Amino acid sequence: DAKTTQPPSMDCAEGRAANLPCNHSTISGNEYVYWYRQIHSQGPQYIIHGLKNNETNEMASLIITEDRKSSTLILPHATLRDTAVYYCIVRVVSNSGYALNFGKGTSLLVTP
Amino acid sequence: GAVVSQHPSRVICKSGTSVKIECRSLDFQATTMFWYRQFPKQSLMLMATSNEGSKATYEQGVEKDKFLINHASLTLSTLTVTSAHPEDSSFYICSADPPNGYTFGSGTRLTVV
């Protein structure tokens, strides 16, 4: 799986959009970008994933650059409950039977 | 969506005793489950891959005789920390890979005193 790089921490004001970047410059054509988050003392929670098109669900939007070397997770209206560590993971979706490899992630602090 | 149930959520045990952590897939069959360990302010580290009906595969540096994994059915994997010591105190998380994507248990906070 390709390696990802994320800023260690970010702050965001409540109600504003939180934009979390991820660099994955060595991503290959069959690798997807996944985002998970981990709220303190809980298991990771799936947020969204995509291959090359932008994706949106009820939690967030995922913007992937045209060259696929980077992506941005957008939480459109951050709340205090969005304070968590966010992990960007790149992997081949057909690699079932193989665990997800977690990097250090970005610690997002949403402030009142 | 697929749900993985992990128990207990929190356990305190005396040094030298053993602790069992259960991970159940509630609405799907999990041929493979994964066990992670997370120390404070660190990321999740994969400990082992649990395969139903066969021996688990352990990551380098993880003692297989200390961390016993049993995956006897398609819905249950257990992790037993044997002869626990204070340095085993950590947050243990299981996960599975159902068809619609990875799902994680809520984690077990183990404190060895």
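Quick summary incoming for the structure in this document. (Residues numbered from 1 in each chain as written. Chains lettered and ligands numbered in written order. Predicted model: local features only at pLDDT ≥ 70, side-chain atom pairs only at ≥ 80, totals over all residues. Heavy atoms only, no water.)

**Remarks on the interface of chain B and chain A**
Applied cut-off: What makes two residues a contact is simply this: any of their non-hydrogen atoms within 4.5 Å. Summed over both partners, the accessible area lost on bringing two parts together, with a 1.4 Å probe, is the buried area. Definition of a polar contact: a pair of N or O atoms within 3.5 Å, with one able to donate and the other able to accept a hydrogen when the atoms are protein atoms, and with sequence-neighbouring residues admitted only if both atoms are side-chain atoms. Put simply, DSSP H or I for four residues or longer makes a helix, DSSP E for two residues or longer makes a strand, and each gets a number counted from the N terminus.
Facing the 16 residues of chain B at the interface are 17 residues of chain A. Between chain B and chain A lies a buried interface of about 1,300 Å² when both sides are counted; carbon and sulfur atoms form 56% of it. For chain B, the biggest contributors to the area lost against chain A are Ser43, Tyr102 and Phe104 of chain B; these three give 41% of the whole. Summed over the shared surface of chain B and chain A, the result is seven residue pairs in polar contact (both at pLDDT 80 or more). Looking at the side of chain B that touches chain A, the elements with two or more residues in it are strand E4 (32–38), strand E5 (45–51) and strand E9 (90–96) of chain B.

**Here we look at the sheet that holds strand E8 (residues 84–92) of chain A**
Residue and element names in this part refer to chain A. How we decide: For two strands to be treated as a pair, DSSP must find at least two bridges joining them. Lines are fitted to the C-alpha atoms to define the axes, a helix being fitted only along its stretch in contact, and any angle between axes, read from their N-to-C directions, falls within 0 to 180 degrees.
Spatial ordering of the open sheet is given by E1-E9-E8-E3-E4, a layout of five strands whose pairing is mixed. Among the strands making up the open sheet, the edge pair consists of strand E1 (9–13) and strand E4 (45–50). Sheet twist, expressed as the mean angle between neighbouring strand axes with direction ignored, is 25 degrees. Across five bridges, E1 lies against strand E9 (residues 106–111) in parallel orientation. Of the residues in E9, the one forming a bridge with Met10 is Leu108.

**Thoughts on the nonpolar core**
In plain terms, the rule: Nonpolar core, defined: a set of buried Ala, Val, Leu, Ile, Met, Phe, Trp, Tyr and Cys residues in which side-chain atoms within 4.5 Å join the residues together. The buried label goes to any residue with under 20% of its type's maximum accessible area, the exposed label to any with over 50%, and the partly exposed label to all in between, with areas taken from a 1.4 Å probe on protein chains only.
Counting 25 residues, the largest nonpolar core has Trp35, Phe67, Leu79, Tyr92 and Leu110 of chain B as its most contacted members. When contributions to this core are tallied by element, the ones reaching two or more residues are strand E2 (10–13), strand E3 (19–25), E4, E5, strand E7 (67–73), strand E8 (76–81), E9 and strand E11 (108–112) of chain B. Listed in part, the 22 residues of the second largest apolar core include Ile48, Cys88, Val90 and Leu108 of chain A.

**A few points about the state of the cysteines**
We apply this condition: Put simply, a disulfide is two cysteine sulfurs that come within 2.5 Å.
Tallied over the entire structure, the rule returns two disulfides over all chains. Residue Cys22 of chain A pairs covalently with Cys88 of chain A via a disulfide, S to S 2.1 Å. Where Cys22 of chain A bonds to Cys88 of chain A through sulfur, the torsion about that S-S bond is close to -80 degrees, and the disulfide is left-handed. In this pair, Cys22 of chain A is assigned in strand E2 (residues 18–23) and Cys88 of chain A in strand E8, connecting sequence segments 66 residues apart. Residue classification places Cys22 of chain A among the buried positions, given a relative accessible area of 2%. Since its relative accessible area comes to 2%, Cys88 of chain A is described here as buried. Two residues share a disulfide in this structure: Cys23 of chain B and Cys94 of chain B, whose sulfurs sit 2.0 Å from each other. With the S-S dihedral at roughly 85 degrees, the linkage between Cys23 of chain B and Cys94 of chain B falls on the right-handed side. Of this pair, Cys23 of chain B sits in strand E3 while Cys94 of chain B sits in strand E9, and the two are 71 residues apart along the sequence. Among the residues examined, Cys94 of chain B registers a relative accessible area of 0% and is labelled buried. You can see Cys12 of chain A has no disulfide; the closest cysteine sulfur is in Cys22 of chain A, sitting 18 Å from it.

**Here's the deal with the environment of Glu58 of chain A**
On the secondary structure map, Glu58 of chain A appears in the loop between strand E5 (55–56) and strand E6 (61–64). Here the alpha-carbon distance between Glu58 of chain A and Leu108 of chain A, two residues 50 residues apart in the chain, equals 19 Å.

**Section: the packing of aromatic side chains**
Spelled out, the test is: Working definition: a ring pair exists when centres of Phe, Tyr or Trp rings (six-membered ring for Trp) sit within 6.5 Å. Plane angles under 30 degrees give stacked, over 60 give edge-to-face, the rest tilted.
One pass over the full model with this rule turns up nine aromatic pairs over all chains. Here Phe102 of chain A and Tyr36 of chain B contribute two aromatic rings whose centre-to-centre distance is 5.7 Å and whose plane-to-plane angle is 85 degrees, an arrangement assigned as edge-to-face. Here Tyr36 of chain B lies in strand E4 and Phe102 of chain A lies in the loop between E8 and E9, a pairing that spans two chains. With 6.4 Å between their ring centres and 40 degrees between their planes, Phe67 of chain B and Tyr92 of chain B make a pair best called tilted. Placement of the pair is Phe67 of chain B in strand E7 and Tyr92 of chain B in strand E9, with a sequence separation of 25 residues. By the burial criterion, Phe67 of chain B is buried, and Tyr92 of chain B matches it. A connected cluster of aromatic rings, assembled from ring pairs, spans Tyr36, Tyr46, Tyr87 and Phe102 of chain A together with Tyr36 and Phe104 of chain B.

It is worth stressing that arrangement in space is one thing and function is another; only the former is reported here.
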